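Read off the chains here:
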Amino acid sequence: MPLLGNFCLLFSLALAVYCFGAGIVALLQRNPASNRLGETARRAGIGTFITVTGAALALVWAALNNDFSVAYIHDHTNRALPIPYKLAALWSGQEGSLLFWSWLLAGYGFVLRLRHKVDKRLFAYSSVVLAGIQIFFLLIVNMSANPFGIMDRVSADGNGLNPLLQYPEMVIHPPMLYLGWVGFSVPFAFALGALIMKYPGEKWISITRRWTMVTWLFLTCGILLGMHWSYAVLGWGGYWMWDPVENASILPWLTGTAFLHSVMMQEKRGMMKTWNVWLVFTTFMLSILGTFLTRSGVVSSVHSFAESNIGTWFVGDPTRFIPGFLPIVLLVCLFFYIKNRRHLKAENKLEALVSRESSFMFNNLLLLAACFAVLWGTLFPIISEWVKGQKIAVGLPFFNNVNLPAGLFLLFLTALGPLLAWRKTSWASIRKNFAIPAAFSVLTIIVLMALGMRPWVDAAHFYALTAFALGMLVITTITLEFIRGGRVLQGKLHANLLASMLHLLRRNTRRYGGYIVHFGVAVIFIGFAGSAFDKDTEQPLAPGQKMQIGDYILVSQDATIDDNANYKSYATTLDVYKGGKKIANLYPELRTFHISGRPDNEGQPDHIVANHSTFKEDLYVIYASPTQERVPVIKAMVKPLVVWVWIGWLVVVLGTVVALVPNAAPLRSPVAVAVSAPVFESKEMHPAGAVK
Amino acid sequence: MSWLRRLSVVLIVLCSCAPLALAVDVDKARYEKLGGKMQCTCSCSQPLLKCNHVGCTRSEEMIHDLKASLNIAKNTDTNVLDWFRHNYGITAVVEPGTEGFELLAWVVPPALLLAAIVLLVILVRKWRLNALRLAVAEGVTDVQFDAQRARARQETEL
């Protein structure tokens, strides 16, 4: 199987090179023969997917059959590992995850090449760009990080999978994240392809937007699954640590989000073409930069793969004049931008600071500022080492302090945006539309302060109160938008308000799906704000003893120690009482996974968190460790509103799916109007998705 | 007058204790401030003062060292943080300082955002003035603009 895997990888590389080379030649020559050549290039691209799939299957087969002659399988699996986690071995190490990356990229390319009839020429350009990216990753897996490396001596058992990865969500989280990261290659391929060919019209941008939305959805799911895994598995009670790997995932997400907003300005008003193209370029380059940061060992991270030499592939080696992938991509983008920049000339310009366009601009600036702050904080240790010779660590306090104000301002814009009209909005209209949401927001502040919130006590309380107030502002604005739209339709449809609102949603899925996403974001922020009121306590708890945290009393019933082939387990059973009434049984557990070759045969500990979750708060309990007398030490935390983070996430997913669904009925076509004013002759307006 | 003397003594004692109490508060605040800038180096990556899991090989010792270093009068915050970096490794302190080169970490992101916003406002102003100049040159009044806007809004929005 390793031989077959290696053969598939080499053959994939050859096919990708052919797809790239023949594709370029076909695009440069415009004759019937070149069309046939282009078709062979497309088929070679499809073939790449088949051969990379063969390589991925060979690795999975080796994992399922305990083929410890393969070094990667030996390092990341063992015999006792359950089958789903053996499948997860594909992405649990450096070499495997790079193969997985190549496979996903080939998969995206496969779909793109199958759909070439949508726009043959644009898809041909995009196919060539994708093939270029594919070659890069296939070169790495063939030459520098080959997953089919053979052991000198075959062991009877492997090292096993990292215990922290042995959790159901871990079978879903990395693929989602990779689908997001890799997926940004497709919008990049379209944007670069459209720029190279000077694509006439705006159709390419609507194709790119849909691909970006799908990719963004995957990345959002990946990030949130990671947050949930961190919360449910790591046992520290948090969900975001601003670790460099987490930062690497949020960077393209931020620029991708910015693009999804600013693209509307291009579709509606032919503005920000250069900006949008560079947002897509930046998003792709950030996803590659993130990969470089986490795999080269230049930044310390709890997720990082071991330090390796693959960093040179990404950034090159200036001392030996070896160009890396990132500088090449940047140069290619710059070259074609400079060459064809006239094609990106905006048809309109911003006319007023108080307008929908302007709110998108500020939204973009804030998202990019947040992206820069995260990138700056992540790279600052490297920069400080270059400048001062000392690596200054940057962690949670810095990122929270820098990004919280930007996040809250973005939340404010989320509320304000829907109330602003395109081109220009009058203050009277803002006052009229904003009065009710603002009143609800002020009411929220009054009620929360009456309930005991004191924003002047510390910054966390101030930010929490602001988040609650702005969250309410967003929720009210969006609800009113639905009601307002529903009422307009109610008269025409003669249906009830709810049915009218549903009809409204189906008629303009993109707009109202977007509102649902914003609603979810507001709910997530409300969940985040709850962390200002966290409580925690810790104590040894022998059977029969009890401990108190907040309104909860935890009574220990028993303590057990168990051993199986995969791990040793320390567990305890806790009865939870609230107001004198038993409300739950919790079973916090500590597992120490067996590692072959270790004298004590016990490896890394892993907490199985016991969580009693309600809409109000989570009672989060972990078995911290046993004392020397084998008494369980229990750490309990009360974490208000955490569940709203996950609910908000589901709402975001729902909203994105709605936005991806085509409109049920086409919107009313604009009535042909004889426009008398000459200014409109020179500055036409293009409805969404219109081809000029 | 003995009661008056006793009251004076009590007041003097209270007054002399006040700065002491204040000092305790200041120390506590400083302890929490500096503790918040550090993380436990046992690999749990939790903020130092929140890492209280039993069996942690580092946090207890680090907290002890933090308290001890705060008791040394001549130690400035920078000294304390540098000492931790030196003795517990670079990852012990996770917040850049507010002096010298480290200040850049804090200043650059907001400065860049501010510059971008100022640039945007200037650009929009310039574009708006250009559009108005063009409209005046072509004889299009604000009233006509508003009428066209209202019509466009009606036709393109719901």
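Residues numbered from 1 in each chain as written. Chains lettered and ligands numbered in written order. Predicted model: local features only at pLDDT ≥ 70, side-chain atom pairs only at ≥ 80, totals over all residues.

Asker: I'm lost on the overall build of chain B in this one. Help?
Answerer: A count of helical and extended segments in chain B gives 5 helices and 0 strands. Secondary structure of chain B in N-to-C order comes out as α-α-α-α-α. Counting only residues that meet the buried cut, chain B has 16% of its 158 residues in that class. Of the contacts formed within chain B by residues at least 6 apart in sequence, a portion of 37% connects residues at least 24 apart. (Helix = DSSP H or I, 4+ residues; strand = E, 2+ residues; numbered from the N terminus. Buried ≥ 20, exposed ≤ 12 C-beta atoms within 10 Å, placed from the backbone. Contact = placed C-beta atoms within 7 Å.)

Asker: For this particular structure, what's the right way to read the packing of helix H17 (residues 459–493) of chain A against helix H19 (residues 509–529) of chain A?
Answerer: Each packed pair of helices is defined by two parameters, the angle between the axes and the distance between the axes. Residues and elements named next belong to chain A. For the pair H17 and H19, interaxial distance at closest approach is 9 Å and the crossing angle is 160°. Considering their axes alone, H17 and H19 lie roughly antiparallel with respect to each other. Here the hand of the crossing between H17 and H19 comes out left-handed. Contacts between H17 and H19 involve Ala 464, Ala 467, Phe 468, Gly 471, Val 474, Ile 475, Ile 478 and Glu 481 from the first element and Tyr 515, His 518, Phe 519, Ala 522, Phe 525, Ile 526, Phe 528 and Ala 529 from the second. Residue classes in the contact of H17 with H19 are distributed as 13 nonpolar, 2 polar and 1 charged. (Axes fitted to C-alpha atoms, helices over the stretch in contact; angles between N-to-C directions. Parallel < 35°, antiparallel > 145°, perpendicular 65-115°, else oblique. Left-handed = near helix turned anticlockwise from the far one by under 90°. Nonpolar A, V, L, I, M, F, W, Y, C, P; charged D, E, K, R; others polar.)

Asker: How should the packing of H17(A) against helix H18 (residues 497–507) of chain A be read in this particular structure?
Answerer: All names here are of chain A. With their axes 8 Å apart at the nearest point, H17 and H18 run at an angle of 105° to one another. Viewed along their axes, H17 and H18 adopt a mutual orientation that is roughly perpendicular. In contact with Phe 482, Gly 485, Gly 486, Arg 487, Leu 489, Gln 490 and Leu 493 of H17, H18 contributes Leu 497, Ser 500, Met 501, His 503 and Leu 504. Taken together, the residues of the contact of H17 with H18 sort by class into 6 nonpolar, 5 polar and 1 charged.

Asker: Would you take a moment to explain the pairing of strand E7 (residues 581–586) of chain A for this structure?
Answerer: Looking along a regular strand, one sees the side chains alternate between the two faces of the sheet. All names here are of chain A. With 0 of 6 residues buried, E7 lies mostly on the surface of the structure. Here strand E6 (residues 567–578) runs beside E7; their pairing, made up of 5 bridges, is antiparallel. Across the sheet, residue Val 576 finds its bridge partner in E7, namely Ala 584. Where E6 hands over to E7, the hairpin turn is made up of 2 residues, of which Gly 579 adopts a positive phi near 60°. (Pairing = 2+ DSSP bridges.)

Asker: Is there a simple way to explain the confidence of the model for chain B in this structure?
Answerer: Caution is warranted with low-pLDDT regions, since their predicted coordinates should not be read in detail. Residue and element names in this part refer to chain B. For chain B, the mean per-residue pLDDT works out to 74, and 64% of the residues sit at or above 70. Per-element mean pLDDT across chain B ranges from 62 in helix H1 (residues 2–36) up to 85 in helix H2 (residues 59–71). Here residues 18–24 is modelled with pLDDT under 50, and outside its nearest four sequence neighbours on either side it reaches 0 contacts, counting other chains as well. Predicted complex metrics record ipTM = 0.78 and pTM = 0.85. (pLDDT = per-residue confidence, 0-100.)

Asker: What am I meant to see in the sheet that holds strand E3 (residues 535–540) of chain A here?
Answerer: Strands pair in a sheet through their backbones, by hydrogen bonds, and they do so in one of two ways: parallel or antiparallel. Residue and element names in this part refer to chain A. As summarised here, the arrangement of the 4 strands in space is E3-E12-E11-E10, forming an open sheet in which the pairing is antiparallel. For this open sheet the edge positions go to E3 and strand E10 (610–613), each flanked by a neighbour on one side alone. When the angles between neighbouring strand axes are averaged without regard to direction, this sheet yields 15°. Sheet topology places E3 next to strand E12 (residues 632–640); 6 bridges connect them, and they run antiparallel. Across the sheet, residue Pro 540 finds its bridge partner in E12, namely Val 633.

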